[in-house]
Each structure stands twice: as structure tokens, then as C-alpha cells.
Amino acid sequence: MPDLISGISVGIMHLPQGMAYALLASVPPVFGLYSSLYPALIYFFFGTSRHISIGTFTILSIMVGGVTEKLAPDEIFLKTNGTNITAEVDITARDLYRVKVAAAATLLGGLIQVFLGIVKFGFVGTYLSEPLVRAYTTAAAAHAVVGQLKTIFGVSARRFSGPLSLVYTLVDVCSMLPQTHLPTLVVSAVTMALLIAAKELNGFFSSKLPVPVPVELLTIIAGTLISSYANLQNNYSVKVVGEIPSGLEPPSVPSVSLFGEVIGDAFALAVVGYAISISLGKTFALKHGYKVDSNQELVALGLSNAAGGFFQCFSVCASMSRSLIQVTTGGKTQMAGLASALIVLVTILKLGALFQELPKAVLASVVFVNLKGMFKQYSDIVTLWRSNKTDLVVWLVTWVSTMLLNLDLGLAASITFALFTVIFRTQLPTYSVLGNVPGTELYVDMETHREARQIPGVTIFRSSATVYFANAELYLEALKEKSGLDISKMIIYKRRQEAKQKRREKRAERRAKRQAKREKRAQTAAINMSGPPDLFVEDEAGCCTEISMDGTITEKEEQTWSEKENGTVFVIPSSPRTVEGHCRWEYLKGGDPDCSSLGWMSELQDGDTTTLGSSSEDTLSRDLERVSLGSLGKWTWDIHSIILDLSTANFTDTVAIKLMKNIFQDFSEIDVDIYMAGCQESVVEQLERGDFFCETITKGNLFASVHDAVLYCLNNRGATSPPRYDPSASLNSSTKL
């Protein structure tokens, strides 16, 4: 019984809304009644929502109207008088072709919905965020108002299509305001005044009324009676609905040849209709404790539209106003939808002819007043300004693009912009260094939580977004900044120093070979001499000067020494001659041999000077200690481990995998260990498929949580670690290591 009462109430609303929204779709009113009948019957069998009311809806009707008027404008249906073309439009032929266009778009949109539902694409509606949908419906309401102005004022303005069509239509209507038909304007004004007053009273006494008063139906009945008895059409030239055929039209196949022209609009109808229906369905399901299947809803709505296309219906979806009435009047199942369809059926079969004298201005006024709720959505601007600036930008861009580019292009532009905002936000996520909350295993952002303490020697780095190709480089830059280690510059500096040392080694090796030969000759000469051994000084040009060991140098030799001071290598004995005649020699580049800071060896650390044997087989030692950044003294740091918290990552790609590999390899150059924590299983599988793991990077570098990684770092760095961190002091861990 509650479903029956609710169905009758909703069915009564179907009648005025179906005929009124048919005007928005630019088809005769009876096709609005058809659209309120057949889709509701199909949804009764396939739908999963118990409370939504399927039928005509403002937004979809406007979108259908845009398609029909674009493909069937008045200009191509002008009547001909012999060879002359008159200004009179063949309304019958025009309406017939517009019905074909609407049916083709509806059938194709339904097939698209069925296909998306079968392939489990029910999540497509999630790309229409709430700010986007509300802004889109608000702009569509403006299109509806502008489209009904010519009916309200009784002028014959053109309706344009394409970008800026709203502006062109509004300009055309305003230019024809001096030709306003006053009787039509009076009918519109009186109807709107009565509707607004009745709706306000209806809302005021809603708590005391068992069911809402059907204001629209009473208005239509009153308008029909007044028009019939006052003969408004003949006496005052007020346009009326006209002939409404009784009975049902036989099904027919829509014109397939039109599919190519309406495919873009059909896809927009499919997406928008589904988004509106699923949002309403989930709202009522959450409120009443049941679940709505997104994919099944897509199939059900698609079958409703596809079947409706064979019966000359236009696209339908759930209606907010009718669904609320269905819920508030006690409806609990779709039996209410079946009852409302029966009310529409009886009207089509027996009562349709009674509304032939209904003025079109009354229907336009019904549409105008019903859009009041959508115009209230402009308050979203203030709300979003206070809560979320990004959503506000999405709202404004959607509204502007829909107003200027028309409904189909506006929807495409809005979705594209909304997706770009998502990409932009993932490209610029929040990067943070985590610290431990004393006494817990919690790790939080140290900049926003003052109680957090950094783990000595460990940097925990986290990004608020998944690491992928769009933000991979930014991730690395943020890691450098937060850790304080500009790894690129450090590695470049180290490589340069290593290359410089290799050049020095080669240069020293060549000099050592030459010197070994000269040393051998000097030793041979020294054996034959009775005096002390001489010291030979070699300049960079390869010339050798003999110096006696008593320190005396001739004036010419002294001048030569003064000129070549900066380019000489001193070779002096560092140990006394042995019995075998051998001694050890040191070489130093520069001036005073006693001042080692002036020689090239001073660029190395203490103990790096090289000793040479006197035999010809001796060469420079090749096992010089490799240059480290710490020994060079250019950088100092107290970090021995970096933990990458990847708990926010739900996927990865080849670019991110390469980035992670480079991070492991680069930081190992400066003896900093890298660990990854919180990886989801799907991310680990993608890392395996991307050949991330190797000899130096194993699954031992992965940890289930940041806390486990911290404990491992603090207990596995040995004596080279910074002062040992006591986990029991600030970490609540039951694991004994």
C-alpha cells in the first residue's frame, strides 16, 4: 500500500514534468509522456535502487534539445510556395525529424551504457566530481531558462547551437522583446506567481500534510480549463500544445544513419545520465541500508534508454524531485515506479486529448519554477571558497565552459580540466620528514607535530602521492632538499677528484720510471766516486742539474733553480745507503722540500706520500686510498640511513623504478643506506616485474612498516654508526633484537 500511494503521487508529477520537459527537448509533449512510461517499466526489472524515479529530467532534456535543434533547425523546414520559399515553418515535418534524431541519440546512448556496464566500467561516473556536477547542472539550468524565454514572452526567436549559442540566443531574444506577445506574457507571469506561492505553502505545511499537494498537475489542469473556456488560442493567439494522439505508437527502429552525427552527444548523455542516477541511488541506499550495484545500474539505465529509443522516447535518468516525493510518501520498492508508469499509461490512453488546449506558456513556467533549486547552487561558490580552493576552480571552470561552449563541449572541457587538477596535485604533493612520537610507534611530519623527534642518523622521507613518471624528478629533488644531501653535486665532485687523482697517479708513475733510471745511474756514479752522492734535480722539461750533497750551488745553477722553482721535483734520500748500495728516496713537487703543503701531495691526506725503491723494477704503488668525500672535507653529514615511506603508493611505473634504482646506487656512493617501508603487495610485484631487485638491492631493503626499518637501521650499522639510539627510550616495541 505505501508503494501504491507513492506511485500515484509520483505518477501525477510525471504528467506535467513529462510534457514540460518535452519542450526542452524540442519534441511534441506527448513524447515526454512516452519517456515517462517505457523506461520506468524496463528499470523495474533490471534496476537495483529501490527509491529513484526514472523518467524525464531537466539536464538531459536540454542536452537532447541541443542535438535536435542542431540537426533539425527551422531553416531547413521552411514551406515553399511554388518556386518561392516562405517564412512559415513546416512544423509537422520538423517535429517528426526531431523525434527521429532524439530517438537515435537515446538508443545509441543506451547501447553505450549497456556496453560500459558489461565491461565493468561503472566507475566512469566517479570522474564527475560533486563540484563538477553541481556547476554543470547550474549552467544547464541557465541554458534551460534561456531556451524557454521565447515561449514565456511569446516571440519567435531563433535557437542557436554550438559554442556561444547561449549568448547568441539571449541576444536574439532581447532584440525581439519589443515584439513581446502580451497575452502570452500574462499567462506566464500568473502561472509562475501561483506556482511559486503554492510551492512555498507546500513546503511550509509539509510536516502537516500526509502527501505533498501536486501543484504542477493542478496548475496544468487549471491552465487547460481556462484556456479551453476562454478560447485563448483563437481570441488572443496564445500558442497551445495542440493535438495529443490517444493510444500508443508502435515500436520502430531509429534511423541508424544518424548515429555518426549524434555519437558525441550520445556519449555525453550516457555519462551525465548515469552520474546523476548513481549519485541519487547511492544516497538513498546509504540512508536506507542497502547496496546499489554500479555496473548493474549502468546496464539497467542503458536498457531503459535503448528500449525507449524504439518507442520514440528521449534520454531519461533519475529525477531528484520525483525521487524525493517517492521516498517521503512511503515508497520502499520499485513497485512505486510501476504504479507511476500505470498512471502515465492511463493518461496517454484516455486523458491525453484533454490537454490539447493547454498553453505552452504554462509548461514553460513549470520548467522555469522547477529550476529554482538549481539556481540555489550558486551558494556553492561561497562554501567552496572557505573549504577548498581547488574545487572552487573546478566549479568555476565547469560553469564558464558549459555556459560558453554548450553542454557537450562544456562537459568534455570540464572533465579534462578536473583530471588535470588531479595530475597537478600529484605532481606537487607534500613531502615531509617523519619523526617518532616518543613512547609510541607512530611517525609523523616533524614540521606539523612539535612532539615528534628525529631518529639519530636516520632520515624518514615520505611523499603524499604515488611516485610515477609525472613527479619522479620532483621526488628526487625533494629528497635532496629534505635530507640535506645534494647527491648529484657530491657525486660529481667525488668523480672529479677521483679522475684528478688517477691523472696524478699516471703522472707520478711516468716520473717514477724516469727517476728510477736516473737513480740507477746516480748510484752507479756514486759508487765510483769517493765523495758523497749527488742529488739530481729534474725540471718539467726533462733537464737534469747536478747538485752536490754539501749544499753548494754555483751562481748559474742558483739562477736556474730560481727560475724553475715551481716546476721541479726534488728527489732526496730518506734513508742511509745500505751495504748493498741501495737507499730510499722521496719525491716532492714544488719549492722547499721541507714544506710539503706546497707540493701536489699536499692535496692528499697525511700518509699518502709515496716512497720509491731504488731498483729499476720499483714503481709507484697503485693501491692509493680512493678519495672519499669525508676525507676531502668538503661535506660533512650525520646520516647513515634513509627510509623511503612508500605507504601512499598504490602503483609504480618504469620511470619510478629507474628513479628508485638510481637513488639506491647514488647514495651508496657516499655510504648512505636506503630502505623502503610500507610497500603494498601490488607495488612489490611491479618492482619485481621491472627488474628492480639485483645483487645490491634485495628484498632485505623492504620493510612492512617504518618502525621495523628504523629498528633495523639502528642495530645494523656497526661501529661506524652515529651514537646508538635506544629504542626502549622512545619506541614501544615488543621485539627483542
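Cut-offs applied
Residues numbered from 1 in each chain as written. Predicted model: local features only at pLDDT ≥ 70, side-chain atom pairs only at ≥ 80, totals over all residues. Heavy atoms only, no water. Helix = DSSP H or I, 4+ residues; strand = E, 2+ residues; numbered from the N terminus. Buried < 20%, exposed > 50% of the residue type's maximum accessible area, 1.4 Å probe, protein only. Contact = heavy atoms within 4.5 Å. Areas by Shrake-Rupley, 256 points an atom, 1.4 Å probe, with all protein chains shown as cover. Pairing = 2+ DSSP bridges. Patch = residues over 30% accessible without salt bridge, like charges linked within 9 Å, V, L, I, M, F, W, Y side chains within 5 Å. Salt bridge = Lys/Arg side-chain N within 4 Å of Asp/Glu carboxyl O. Core = buried A, V, L, I, M, F, W, Y, C linked by side-chain atoms within 4.5 Å.

Quick look at the overall build of the protein now. When its secondary structure is counted, the protein shows 25 helices and 15 strands. Across the 737 residues in the protein, those meeting the buried criterion constitute 47%. Considering only contacts within the protein whose residues lie at least 6 apart along the sequence, 77% involve residues at least 24 apart. Roughly 36,600 Å² of accessible area belongs to the protein as shown, and the carbon and sulfur atoms make up 59% of that amount.

Let us now look at the pairing of strand β7 (residues 458-463). Within β7, 5 of the 6 residues are buried, which leaves it mostly tucked inside the rest of the structure. Looking at chain direction, β7 and strand β13 (residues 641-645) are connected through 5 bridges and run parallel. Bridge pairing links Ile460 to Ile643 in β13.

Taken together, Leu201, Phe204, Phe205, Leu209, Val213, Leu218, Ile221, Leu225 and Tyr229 make up a surface patch of nonpolar side chains, about 910 Å² in accessible area. Broken down by secondary-structure element, the contributors of at least two residues to the nonpolar patch are α7 (182-204) and α8 (215-230). Ranked by residue count, the leading element in the nonpolar patch is α8, at 4 residues. Relative to the helices and strands, Phe205 is located in the loop between α7 and α8.

Before going further, it helps to spend a moment on the sheet that holds β7. Spatially, 6 strands are ordered β6-β5-β7-β13-β14-β15 in an open sheet, and the strand pairing comes out mixed. A single partner strand is all that each edge strand has here, and the edge strands are β6 (443-445) and β15 (702-703). Judged from the 5 bridges that link them, β13 and strand β14 (residues 673-677) form a sheet pairing that is parallel. In the sheet register, Ile643 faces β14, and the bridge partner there is Tyr675.

Looking now at the nonpolar core. Judged by nonpolar contacts, the single largest core of 106 residues is most densely connected at Met19, Val27, Ile59, Met63, Val272 and Leu363. When residues in this core are grouped by element, the largest group, 15 residues, is from helix α10 (residues 259-288). Phe461, Leu646, Met660 and Ile663 belong to the second-largest nonpolar core, a separate cluster that totals 35 residues.

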